[in-house]
Amino acid sequence: MAAKDTPTSDMKVGIIGSGLIGQSWAMLFASAGYQVGIYDVEIEQVKKALQNIEQQLLDLEEQGLLRGNLNKQEQRERIAAASTIGDCVKGAFYIQECVPERLDIKKGVWGEVDKIVNVDVIMASSSSSLLPSKISDNLKHRNRFVVSHPTNPPFYAPLVEIIPAPWTDDDVVPTTKSLLERIGQVPVVLKKEIDGFVLNRIQYSIIGEAWRLINDDIISAEDLDKVMSTGLGVRYAFMGPLETAYLNADGMKSYIERYAEMIYRIQTSFGQPLPMGGKTGDKIQKELESYVCPVERVTERRQWRDKRLAALAKLKKEMDKGDSAS
Ligand SMILES: NC(=O)c1ccc[n+]([C@@H]2O[C@H](COP(=O)([O-])OP(=O)(O)OC[C@H]3O[C@@H](n4cnc5c(N)ncnc54)[C@H](O)[C@@H]3O)[C@@H](O)[C@H]2O)c1
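Residues numbered from 1 in each chain as written. Predicted model: local features only at pLDDT ≥ 70, side-chain atom pairs only at ≥ 80, totals over all residues. Heavy atoms only, no water.

*Asks:* Lay out the side chain of S31 with the relevant residues and their values.
*Replies:* With respect to the helices and strands, S31 occurs in helix α1 (residues 20–31). Given a relative accessible area of 3%, S31 falls into the buried group. Apart from residues lying up to four places away in sequence, S31 is in contact with R67, G68, N69, L70 and Q75. (Helix = DSSP H or I, 4+ residues; strand = E, 2+ residues; numbered from the N terminus. Buried < 20%, exposed > 50% of the residue type's maximum accessible area, 1.4 Å probe, protein only. Contact = heavy atoms within 4.5 Å.)

*Asks:* Which residues make up the UniProt feature "coiled-coil region" (unreviewed entry) in the chain, and what are the values?
*Replies:* The positions UniProt marks with the feature "coiled-coil region" (unreviewed entry) are residues 36–63. Counted over residues 36–63, helix gives 71% and strand 14%. Its end C-alpha atoms are 24 Å apart. (UniProt positions renumbered as here; feature names shortened; annotations may be inferred.)

*Asks:* Run through the nonpolar core, naming residues and quoting values.
*Replies:* Residues I15, W25, F29, Y34, I79, Y94 and I183 are the most contacted members of the largest nonpolar core, which totals 36 residues. When residues of this core are traced back to their parent elements, those giving at least two are β1 (12–16), α1, β2 (35–39), α2 (43–62), β4 (92–97), β5 (122–125), β7 (159–164) and α7 (172–182). Per element, the largest residue contribution to this core is six residues, and it comes from α1. Aside from chain neighbours lying at most four places away, what touches W25 is I15, Q96, C98, S126, S148, P150, V160, L180 and I183. If you look at the next biggest cluster of nonpolar residues, it comprises 24 residues, including C88, V113, V121 and L139. (Core = buried A, V, L, I, M, F, W, Y, C linked by side-chain atoms within 4.5 Å.)

*Asks:* Talk me through unusual backbone geometry; I want residue IDs and the actual numbers.
*Replies:* The residue after N152, namely P153, is reached through a cis peptide bond having omega -5°. Relative to the assigned elements, P153 resides in the loop between β6 (145–150) and β7. Residue F197 is not a glycine yet carries a positive backbone phi of 55°. Non-glycine residue D217 carries a positive phi angle of around 55°. In this fold, D217 is placed in the loop between α8 (199–215) and α9 (221–236).

*Asks:* How would you sum up the packing of α9 against helix α12 (residues 278–291)? Please name residues and give values.
*Replies:* It is at 9 Å that the axes of α9 and α12 come closest, and there the two elements cross at 70°. The pairing of α9 with α12 is recorded here as roughly perpendicular in orientation. Between α9 and α12, the contacting residues are A221, E222 and D225 on the first element and I284, E287, L288 and Y291 on the second. Taken together, the residues that form the contact of α9 with α12 break down as four nonpolar, no polar and three charged. (Axes fitted to C-alpha atoms, helices over the stretch in contact; angles between N-to-C directions. Parallel < 35°, antiparallel > 145°, perpendicular 65-115°, else oblique. Nonpolar A, V, L, I, M, F, W, Y, C, P; charged D, E, K, R; others polar.)

*Asks:* Please set out the environment of T230 residue by residue, giving values where relevant.
*Replies:* Note on placement: T230 falls in helix α9. A polar side-chain atom of T230 sits 2.7 Å from the main-chain carbonyl oxygen of K226. (Polar contact = N/O pair within 3.5 Å; in protein donor to acceptor, adjacent residues only side chain to side chain.)

*Asks:* Got a sec to walk through the sheet that holds β7? Specific residues and values, please.
*Replies:* By way of backbone hydrogen bonds, the strands of a sheet pair with one another, either parallel or antiparallel. Spatial ordering of the open sheet is given by β3-β2-β1-β4-β5-β6-β7-β8, a layout of eight strands whose pairing is mixed. With partners counted over all chains shown, the strands left at the sheet margins are β3 (79–81) and β8 (186–189), one partner each. Taking each pair of neighbouring strands and ignoring which way they run, the sheet shows an average axis angle of 25°. Of the strand pairs in this sheet, β2 and β3 are connected by three bridges, and their pairing is parallel. If you follow I38 over to β3, its bridge partner there is A81. Where α2 meets the sheet, its contacts fall on β2 and β3, and the angle it forms with β3 comes to roughly 160°. (Pairing = 2+ DSSP bridges.)

Okay, here's the thing in structure tokens:
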């Protein structure tokens, strides 16, 4: 493919690493019609991954949540196990690496790929925190490198952060963005790399303040979680904090006039973050075991979560369709 072309849906994508995230990417690309090669250093793991994918496609079909226009079988047939990394990336215009979050492993994988790819391939990492410049600094094709950081679970939380390295070619980010839109994800672009990217920086600032409020005995863990799930989180499912502010006053200027002073006063009271752990960690763990579930039952509780996320994703999709029709 010429680098600036829009990828068409009969082209091949290579997925390296067939764990949780690799499986999700494989399903997402297949749902849009791409041919997918999937490789894992553990041969047994790829077999397991394909079985999981089969089951997940079945569940999605039953719930009416299959993506794209292809049926379950057509989507499944687009995903093929590759026995070597070379087979996986051969003919691929886009490679999504999904190996564990360790710099040595990621560098090892990309070092191998770097020897065999074409000059116009896009090399994307699912990295959650490792900076693109750290992973790609020694690669010959480092100008084709980018991070495409998905949100878990990618099927129901479509956000992907695209983060270029300082040396990434200008066409890589827009081509990646249009590809991710084509498969139904919602890409956002960071103009430059920063530790934690954006999603985790915001998430960690929330966790930091939650920790302080429980540590200082202002609120219980259960009530703190309710502040998000029945308060802030309800509107954040549909709009971000800036739009929230815009609508909570008559625009941003009016919001600033009304609330900026108070917000700044409170923000300056936050102080240094507290390290997570210690007595507060034990207290939160105990409370969670009581109002969520014992640790042994978290798998069941994840299924509960995914069911709700799936229902919300369906509702959002229907409402978005309604918005564009009106
Ligand atoms: N799980 C999440 O919530 C989440 C969310 C966003 C991004 N990520 C990122 O996605 C990446 C993968 O995470 P995951 O949760 O799928 O991990 P995982 O442990 O479920 O899967 C990793 C897979 O990579 C394989 N692997 C290890 N070394 C390899 C090698 N040299 N070559 C090929 N395969 C190899 C493993 O056998 C395993 O199957 C990480 O960078 C992670 O930070 C994870």
